[in-house]
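The lines below spell out each chain.
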Amino acid sequence: MAMDSRFTALMAESYKRAYPSMVTAQILAEMEEIIELRKLEEKASAHTNSHKANLNDPQEHRRKLLAIWRKRLDGCRVEAGVHNRILAVRSLILGPTDDIESTLTLASLCRQAHNFKMGEKVLLDPLKALGADLDGIVFGFDAPVETVGNSSFDASSQYNLNFGNISLGRGGPMSPMPMMSPASNNLNSPPIPGRGLVFSPNQRPAQLTPTRGGGSILPPSPSSPISPVPKMNPLLTIDRIVSGLDDLREKYTSQHEQLSKRVENSAGGLPTLHVQHRLYYAYVKHLWAIGGKSDEARKRMSLLANTVDMMGVMNKNKNFTNNSLRVKCWLTLGEWKLATRAPNSVLDAELQLEVIKAYKRATIAGPDQYKSWHAWGLLNFRLSKQFQKNTHRDAIMPGMSPRQRHKHTPTKPLRNHIVASVHGFLKAISLGKKRWSASVQQDMLNFLTVLFNHGELPEVNKAINEGMGAVTIEMWLGVLPQLLARIQVKTVNIRSILHGLLIKLGAKHPQALMYPLSVLLKSPVTDRKEAAESLMKSLKGHSDKLVEQALLVSSELIRVAILWQELWHEGLEEASRIYFSEGNVQGMLDVLLPLHKQLEAGPVTRREIQFAEAFGNDLEEAHKCVQQYIQKTTAAGRAIPTEGGYPANNPNGVQVSRMQSEAETALNQAWDLYYTAFRRINKQLPGLMNLELAGCSPALLRATDLQLGVPGTYRVDGSYVRIASFNPTVQVITSKQRPRKITLRGDDGRDYTYLLKGHEDLRQDERVMQL
């Protein structure tokens, strides 16, 4: 009763204040469940002779209870203190291997909260309960083998285990480790030179500095001779790995098989070994997070990565899989090696090789895991950019002629990195899941960068065509604006890939392309407009009616967004600035002549008819004066000036002919008429508060029950809301650009309101609103 009243009072104040009491109530409930389970166990042990049908199975009850507890913990607040209280009670009946996921989650929460003391205890307690030795053979330290083949050795016999550039063994204190020579089959032969450092088990890894360039395999089998291997240029090794000539797959021998059995026996079986490895992996991440032990953490992770990799390969036929942990170890190792350099800094060849090896091993361990390919693609993308910065010859300059491009063909290492980044990005995109959506978006944008910068290279073009087949077409909907922004690209290889992709998108998702392509059809850039027309033509082949509706809605919305009054007001204002301020007569004509051409085509709507009746005569007279100016200027043998054309900009009184004087008089007369029209239009604009579609766009008012979707409602699964009708009244917002507020009725019965703005890019407004 006391708890009930307290809990009720706290809930009345806030959920946050009542939450600790809720956790206490959950702990009490779980203690009752633990007591019930203990009673079942006692009852089962007391009635050993009873039939199973008459007794509840304690183990089955335990499994059900554990499943309930896991779901319950998933719903708890993500805080280290909350999880720690709950798991402390559950530890009364759960062992270190029963709920490893909850333990690892708690350790992660402790790291995030910088509660390193609690995090270390959470990980070391179960490791201690499992009898794990942090510097033991299970985690890559001190790998003893008592028998190799048919030879028997005493307990002190060891062999060199070269993992992650660190050699570990158990000879005398700081003494060289005995090495078996293939010629003599004798353990007392000297060790292979250049294989790394050897230290005793009492020496901590953090006290040593590993050598670079060491392999991560055991001594070669007796069938292969041992001789000092000359050190290969790291860049050559990197090129072989990136190009696929070296796949870095370890060639494990019978010695590794014996070692894996020893590791398995030391851990008490493969399931327990996997639990120990996962806990130890979290512990090494803890060492990295606390700071000051980064070197030790890297060395331990290197040993663990090789050990986990070996155990996974040697026991793959025993239904034992640790691929996820293998990938995590290699990716973490590569990430920590990169952390030794500042972000975006130049990576030296030795470091490049180490990270390339780690990420390549991750792709081998997890060929179907997103993170391994994401890291592989990003690393090669970074190295390709580093190549381009350091060598101008490796940069492909846009706009070069084919002969110039041939001279600037990237070097083979750069091309290999570009191809590897393409493979990595496309593989990652094909494996991407919703929970990695932000990372997948990064992969897609980086891939597009590679495509537009290097897609003309034959190797890159081939890699793209081979890899894109594995990517579902829906993945590209997220980068549709970026694809359409480059549809005018001239390079044949890039254009074929880009347009082929857009055609496939249009065939399966025509609604997604309708609005963007309709806008591009109005582009002032000729190449872009022609490319949009080509793509729209391909859409007409299977969605003719939809294309017609999209073109109608697009053109009519533009008509509503910019009335003729606003069009002429903006045009006259811009033309006057160009003429009177800059003296650019040609620029002025480029603005005004298209407006006159539109006016001569004739009005369509009632508002356009009213405008033609009110201003048509004055504008027509002004047009005649402009034509007279053009005619007389041309007849005088002079070009229409692009500067200094306005008399005020010609104060020196340069002698002009009579014909030219008449031309300037005609132009002045035109501007008198333009100014009169401008003043009258300027008085009318403030009165534009609301627009009726019946007056400014009757075609839009008649457009009902369209196949065209409401903008922004199209989804990847193909579902969308169709346009049922347009609201007959459009509100004009009283600001400088006078944007419209238009409402669409969807076929779902809901109203959708949009901002309609002419002659501006609304994406700028969208970014400002996001900020």
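**Focus on the overall build of the chain**
When helices and strands are tallied, the chain shows 29 helices and 10 strands. Taking all 771 residues of the chain together, the buried fraction comes to 45%. Intrachain contacts of the chain at a sequence separation of at least 6 include 68% that bridge at least 24 residues. Of the roughly 40,000 Å² of accessible surface on the chain, 52% is carried by carbon and sulfur atoms.

**Points about the packing of helix 20 (residues 510–520) against helix 21 (residues 526–540)**
For the pair helix 20 and helix 21, the least separation of the axes is 8 Å and the interaxial angle reads 145°. Relative to helix 21, helix 20 is oriented so that their crossing is left-handed. When helix 20 is examined against helix 21, the residues Leu-513, Met-514, Leu-517, Ser-518 and Leu-520 are found in contact with a partner set consisting of Arg-528, Lys-529, Ala-532, Leu-535, Met-536 and Leu-539. Residues that form the contact of helix 20 with helix 21 fall into these classes: eight nonpolar, one polar and two charged.

**Re the pattern of salt bridges**
One pass over the structure, following the stated rule, counts 35 salt bridges. Between Glu-13 and Arg-17 there is a salt bridge, and its shortest N-O distance comes to 2.4 Å. The shortest N-O distance in the salt bridge between Arg-559 and Glu-556 comes to 3.4 Å. With a gap of three residues between them, Arg-559 and Glu-556 both fall in helix 22 (residues 544–561), about one helical turn apart. The buried category is assigned to Glu-556, whose relative accessible area is 7%.

**Regarding the side chain of Thr-713**
The topology assignment puts Thr-713 in the loop between helix 28 (698–702) and strand 7 (723–726). Polar contacts involving the side chain of Thr-713 include one to the main-chain amide nitrogen of Val-721, which spans 3.3 Å. Ignoring any residue separated from it by four or fewer positions in sequence, one finds Thr-713 in contact with Ser-719, Tyr-720, Val-721 and Tyr-752.

**Considering the environment of Ala-575**
Position of Ala-575 among the secondary structure elements: in helix 23 (residues 564–582). Spatially, the C-alpha atoms of Ala-575 and Leu-592 are 7.0 Å apart, while their sequence positions differ by 17 residues. Excluding residues within four positions of it along the chain, Ala-575 makes contact with Met-588, Val-591, Leu-592 and Trp-671.

**Remarks on the packing of aromatic side chains**
Two measures describe an aromatic ring pair: the distance that separates the ring centres and the angle between the ring planes. Counting across every chain of the model gives 12 aromatic pairs. When the ring of Phe-447 is compared with that of Trp-476, the centres are 5.6 Å apart and the planes differ by 45°; the resulting orientation is tilted. You can see Phe-447 sitting in helix 16 (residues 437–454) and its partner Trp-476 sitting in the loop between helix 17 (458–467) and helix 18 (480–484), a full 29 residues away along the chain. Three or more aromatic residues joined by ring pairs make a cluster, and in this case those are Tyr-579, Phe-580, Trp-671 and Tyr-674. A cation over a ring is seen here: Lys-360 above Trp-376, with NZ or CZ 5.2 Å from the ring centre. One cation-aromatic arrangement involves Arg-486 over Phe-452; the distance from NZ or CZ to the ring centre is 4.3 Å.

**So, the environment of Arg-740**
Along the chain, the position of Arg-740 falls in strand 9 (residues 740–746). Counting along the chain gives 178 residues from Arg-740 to Ile-562, while the straight-line C-alpha distance between them is 9.4 Å. Among residues more than four places away in sequence, those in contact with Arg-740 are Val-560, Ala-561, Ile-562, Leu-563, Glu-566, Leu-691, Val-730, Gln-731, Val-732, Tyr-754, Leu-755 and Leu-756. Of note is the side chain of Arg-740, whose polar atom sits 2.4 Å from the side chain of Glu-566. Within the structure, Arg-740 has its side chain in polar contact with the backbone oxygen of Arg-738 (distance 2.6 Å).

**Considerations on helix 4 (residues 80–90)**
Every buried residue belonging to helix 4 is among Ala-80, Val-82, His-83, Ile-86, Leu-87, Val-89 and Arg-90, and all of these are buried. Taken together, the buried residues of helix 4 touch helix 2 (15–46), helix 3 (58–74), helix 5 (100–112) and helix 6 (116–129).

**Comments concerning unusual backbone geometry**
At His-114, a position not held by glycine, the phi torsion is positive, near 60°. Examined against the element boundaries, His-114 turns out to sit in the loop between helix 5 and helix 6. By relative accessible area, His-114 is classed as exposed at 60%.

**Looking at the nonpolar core**
Within the largest apolar cluster, 186 residues are counted, with the highest numbers of intra-cluster contacts made by Phe-447, Trp-476, Tyr-674 and Phe-726. What Phe-726 contacts, discounting residues up to four positions off in sequence, is Val-553, Leu-693, Leu-700, Leu-701, Ala-703, Leu-706, Ile-742, Thr-743 and Leu-744.

**Overview of the side chain of Asn-322**
With respect to the helices, strands and loops of the structure, Asn-322 is situated in the loop between helix 10 (294–314) and helix 11 (323–338). A residue is classified by how much of its surface remains accessible, and Asn-322, at 3% relative accessible area, is buried. Only 3.0 Å separates the side chain of Asn-322 from the backbone oxygen of Val-308, close enough to count as a polar contact. Those residues in contact with Asn-322, other than ones at most four positions away along the chain, are His-274, Val-308 and Gly-312.

**What about the pairing of strand 9?**
Of all seven residues that make up strand 9, five are buried, and the element is covered over most of its length. Bridge analysis of strand 7 against strand 9 gives three bridges, and the strand direction is antiparallel. Counterpart to Phe-726 in the pairing with strand 9 is Leu-744. Bridge count for strand 9 against strand 10 (residues 751–756) is six bridges, and the pairing is antiparallel. Counterpart to Arg-740 in the pairing with strand 10 is Leu-756.

**Digging into helix 15 (residues 412–431)**
Over its 20 residues, helix 15 runs 29 Å from end to end, which matches the ideal 28 Å to within 8%, given 1.5 Å per residue. Taken across its 20 residues, helix 15 has 15 buried, putting it largely inside the fold.

**Concerning the packing of helix 10 against helix 11**
Contact pair helix 10 / helix 11: the axes reach a minimum separation of 9 Å and the direction vectors enclose 155°. Between helix 10 and helix 11, the interaxial angle falls into the category roughly antiparallel. Crossing of helix 10 against helix 11: the hand is left-handed. Where helix 10 abuts helix 11, its residues Ala-297, Arg-298, Met-301, Ser-302, Leu-304, Ala-305, Asn-306, Val-308, Asp-309, Gly-312 and Val-313 lie against Leu-325, Arg-326, Cys-329, Trp-330, Thr-332, Leu-333, Trp-336 and Lys-337. Broken down by class, the residue content of the contact of helix 10 with helix 11 amounts to 11 nonpolar, four polar and four charged.

**Some details on the confidence of the model for the chain**
When pLDDT is averaged along the chain, the result is 81; 80% of the residues meet or exceed 70. Element-level mean pLDDT values for the chain span from 29 in strand 2 (residues 151–152) up to 95 in helix 11. A low-confidence stretch, residues 402–407 stays under pLDDT 50, and its non-local contacts, those more than four residues away or across chains, total seven contacts. For residues 651–655, every residue scores under 50 in pLDDT, and the model assigns this stretch zero contacts once sequence neighbours within four places are set aside.

The rules behind each value
- Residues numbered from 1 in each chain as written.
- Predicted model: local features only at pLDDT ≥ 70, side-chain atom pairs only at ≥ 80, totals over all residues.
- Heavy atoms only, no water.
- Helix = DSSP H or I, 4+ residues; strand = E, 2+ residues; numbered from the N terminus.
- Buried < 20%, exposed > 50% of the residue type's maximum accessible area, 1.4 Å probe, protein only.
- Contact = heavy atoms within 4.5 Å.
- Areas by Shrake-Rupley, 256 points an atom, 1.4 Å probe, with all protein chains shown as cover.
- Axes fitted to C-alpha atoms, helices over the stretch in contact; angles between N-to-C directions.
- Left-handed = near helix turned anticlockwise from the far one by under 90°.
- Nonpolar A, V, L, I, M, F, W, Y, C, P; charged D, E, K, R; others polar.
- Salt bridge = Lys/Arg side-chain N within 4 Å of Asp/Glu carboxyl O.
- Polar contact = N/O pair within 3.5 Å; in protein donor to acceptor, adjacent residues only side chain to side chain.
- Phe/Tyr/Trp six-rings, centres within 6.5 Å; stacked < 30°, edge-to-face > 60°.
- Lys NZ or Arg CZ within 6 Å of the ring centre and 35° of its normal.
- Core = buried A, V, L, I, M, F, W, Y, C linked by side-chain atoms within 4.5 Å.
- Pairing = 2+ DSSP bridges.
- Expected span 1.5 Å × (residues − 1).
- Parallel < 35°, antiparallel > 145°, perpendicular 65-115°, else oblique.
- pLDDT = per-residue confidence, 0-100.

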